[in-house]
Amino acid sequence: MDDFRTRARAGYERGRRRLGLFWSAIVVPFAVLAALVDDPLRAVPLGLSVTVLAGWMAWFGQRPGRALRIGLPAGAIAYIAPLLGRGTDLVTPGCGLTASCFACCAGGGLVAGLVLSVGTDGDLRTLAWSLLLCGALAALTCLPLGGAALGVAVLSTLAVTGTHRAVRALAA
Amino acid sequence: MAAVPDCTPDLVRLADGDRTAFDAVYAVAWPRVRALVRRMARDAPDAEDIAQQAMIRVFERAHHFDPARGRALPWILGIAAWEVRTARRRHTRSREAPLTSEPIGRGPDPHTRSEQAQLLAHLEAAMGQLPPDDVATLLAAAGLAERPESVSPTTFRKRLQRARQRLRAAWGGFHG
């Protein structure tokens, strides 16, 4: 029966691999869009890395797996903000950092940060994984703007998470 | 009467990706899945195969388990019951398949014929799991279809090897 146990275990791993592929497939459109609207030389390898990262996080499960469900929507917000800015002509061509485009990205980063801090419920390790994915997604779009969005996301996440933990500690 | 152990926390851990929970879930679920399948399949000769297939399916879908929708064992046995029904339908289809045109009184006896029909049904199901290219390659290798001229002999050999490996894996789902 040990042979069957091995097959059952292989079946479990097959299911996990499918889960990883599913989440990777969700990330692929982000990478493709980034390659289309931005520099493909940067977007393609980075997009591949994010796709592999998302797939691995889903396959591995546990903290990275839980972080994926929070980091992906947060990263999507940080990713879309610079694109929205560009679409609405808020961003100057060539990804120049103007006050208006910075405001757009900072707004996206703030929302992403709130999503991260609320979603991870104060668990710092899950937060770290979520931030990694969020940052990788944000970097897919125009790098300085994605960086601005991510910077605000990190700051707001740390602020909200810190407050959350402090409130908890006081309540305890 | 001994209480049925609850493997819900273990299955939750397994669904979350904690591989160390595998043995605990396996130990609780496998005897119950096996017993249920035997009862439902009325000790059919392929009951063990169906039980194994069901158990593999449970682990393949483990990440879908949501404790908010119920406990682990009913969820596991639900999948097992579904597998038995699927196997029954497959079996019924194989019985409904037209017999060979051999005249009565000649050819294999009914028992052998039934076994052959079952093997054929399993082969059809296994072939059904393969990509169309693999099926075409296997049929061409068996002389039942034309080999594509655009494919070189070396490429064809490689494709055939891959198709055979996949068929073997799919066949393993039925016959271990």
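Basis of the calculations
- Residues numbered from 1 in each chain as written.
- Chains lettered and ligands numbered in written order.
- Predicted model: local features only at pLDDT ≥ 70, side-chain atom pairs only at ≥ 80, totals over all residues.
- Heavy atoms only, no water.
- Helix = DSSP H or I, 4+ residues; strand = E, 2+ residues; numbered from the N terminus.
- Buried < 20%, exposed > 50% of the residue type's maximum accessible area, 1.4 Å probe, protein only.
- Contact = heavy atoms within 4.5 Å.
- Areas by Shrake-Rupley, 256 points an atom, 1.4 Å probe, with all protein chains shown as cover.
- Phe/Tyr/Trp six-rings, centres within 6.5 Å; stacked < 30°, edge-to-face > 60°.
- Axes fitted to C-alpha atoms, helices over the stretch in contact; angles between N-to-C directions.
- Parallel < 35°, antiparallel > 145°, perpendicular 65-115°, else oblique.
- Left-handed = near helix turned anticlockwise from the far one by under 90°.
- Nonpolar A, V, L, I, M, F, W, Y, C, P; charged D, E, K, R; others polar.
- Salt bridge = Lys/Arg side-chain N within 4 Å of Asp/Glu carboxyl O.
- Buried area = accessible area lost by both parts, 1.4 Å probe.
- Polar contact = N/O pair within 3.5 Å; in protein donor to acceptor, adjacent residues only side chain to side chain.
- Core = buried A, V, L, I, M, F, W, Y, C linked by side-chain atoms within 4.5 Å.

Trainee: Run through the overall build of chain B, naming residues and quoting values.
Mentor: Across its full length, chain B carries seven helices and zero strands. When its helices and strands are written in sequence order, chain B yields α-α-α-α-α-α-α. Every one of the 176 residues in chain B was classed for burial, and the buried ones make up 36%. Put simply, of all contacts in chain B between residues at least 6 apart along the chain, 60% involve residues at least 24 apart. Total accessible area computed for chain B in this model is approximately 11000 Å², and 55% of it derives from carbon and sulfur atoms.

Trainee: Outline the packing of aromatic side chains, supporting the account with residue identities and numerical values.
Mentor: Residues and elements named next belong to chain A. What the rule picks out here adds up to 11 aromatic pairs over all chains. For the ring pair F30 and Y79, a centre distance of 5.0 Å and an interplane angle of 80° mean the geometry is edge-to-face. Here Y79 lies in helix α3 (residues 62-87) and F30 lies in helix α1 (residues 2-37), a separation of 49 residues in the sequence. You can call F30 buried: its relative accessible area is 16%. When the ring of W56 is compared with that of W129, the centres are 5.6 Å apart and the planes differ by 35°; the resulting orientation is tilted. In this pair, W56 sits in helix α2 (residues 40-60) while W129 sits in helix α5 (residues 124-140), placing the two residues 73 residues apart along the sequence.

Trainee: Before we move on, could you go through the packing of α1(A) against α2(A) and cite the residues and values that matter?
Mentor: Residues and elements named next belong to chain A. Contact geometry of α1 with α2 gives a least axis separation of 7 Å together with a crossing angle of 155°. By the angle between their axes, α1 is roughly antiparallel relative to α2. The two elements α1 and α2 cross, and the hand of that crossing is right-handed. Together, E13, R16, R17, L19, G20, W23, S24, V27, V28, A31, A34 and A35 of α1 and P40, A43, V44, G47, V50, T51, A54, G55, A58, W59 and F60 of α2 make up the contact between the two elements. Counted by class, the contact of α1 with α2 contains 15 nonpolar, five polar and three charged residues.

Trainee: Please set out the side chain of B:E83 residue by residue, giving values where relevant.
Mentor: Residue and element names in this part refer to chain B. Counting through the fold element by element, E83 comes out in helix α4 (residues 72-96). On the basis of relative accessible area, E83 is assigned to the buried category, the value being 5%. Each residue touching E83, except ones within four places of it in the same chain, is listed here: I50, Q53, A54 and R57.

Trainee: Can you lay out the pattern of salt bridges for me, pointing to particular residues and giving the numbers?
Mentor: One pass over the full model with this rule turns up 14 salt bridges over all chains. A salt bridge links B:D23 to A:R5; the nearest nitrogen and oxygen atoms lie 2.9 Å apart. Highlighted residues: B:D23 in helix α2 (residues 22-40) and A:R5 in helix α1, drawn from two different chains. Residue classification places B:D23 among the partly exposed residues on the basis of a relative accessible area of 44%. One salt bridge connects B:E48 with B:R38, and the closest N-O pair in it is separated by 3.6 Å. You can see B:E48 sitting in helix α3 (residues 47-60) and its partner B:R38 sitting in helix α2, a full 10 residues away along the chain. B:R38 sits in the partly exposed class, given a relative accessible area of 40%. Residues joined by salt bridges that share partners form a network here, namely A:R14, A:R18, B:R57, B:E60 and B:E83.

Trainee: Can you lay out the interface of chain A and chain B for me, pointing to particular residues and giving the numbers?
Mentor: The interface of chain A with chain B comprises 19 residues on the first partner and 21 residues on the second. Here chain A meets chain B over a buried area of about 1900 Å², counting both sides, of which 53% is carbon and sulfur. Applying the counting criterion to the chain A and chain B interface returns five salt bridges. Among the ionic pairs, A:R18 bridges to B:E60, the shortest N-O distance being 3.7 Å. Connecting chain A to chain B are 11 residue pairs in polar contact (both at pLDDT 80 or more). Of all the secondary structure elements, the ones that give two or more residues to the side of chain A that touches chain B are α1, α2 and α3 of chain A.

Trainee: Talk me through the packing of α2(A) against α5(A); I want residue IDs and the actual numbers.
Mentor: All names here are of chain A. Viewed as axis vectors pointing N to C, α2 and α5 meet at an angle of 155°, and their least axial separation amounts to 9 Å. Taken together, α2 and α5 sit at an angle that is classed as roughly antiparallel. The two elements α2 and α5 meet at a crossing, and its hand is left-handed. Facing R42, A43, L46, G47, V50, L53, A54, W56 and M57 of α2, the residues of α5 in contact are W129, L132, L133, A136, L137, A139 and L140. Residue composition of the contact of α2 with α5, by class: 14 nonpolar, one polar and one charged.

Trainee: Summarise the nonpolar core; cite the residues concerned and give the values.
Mentor: Residues B:L11, B:L14 and B:F59 are the most contacted members of the largest nonpolar core, which totals 34 residues. Counting residues per element, the ones that place at least two in this core are α1 of chain A together with α1 (8-15), α2, α3 and α4 of chain B. For this core, the leading source of residues is α2(B), giving nine residues. Setting aside residues no more than four positions away along its own chain, B:F59 makes contact with A:A8, A:G11, A:Y12, B:L14, B:F22, B:V25 and B:Y26. A:W23, A:A35, A:A76 and A:A136 belong to the second largest nonpolar core, which has 22 residues in total.

Spatial relationships are all this shows, so hold off on functional conclusions.
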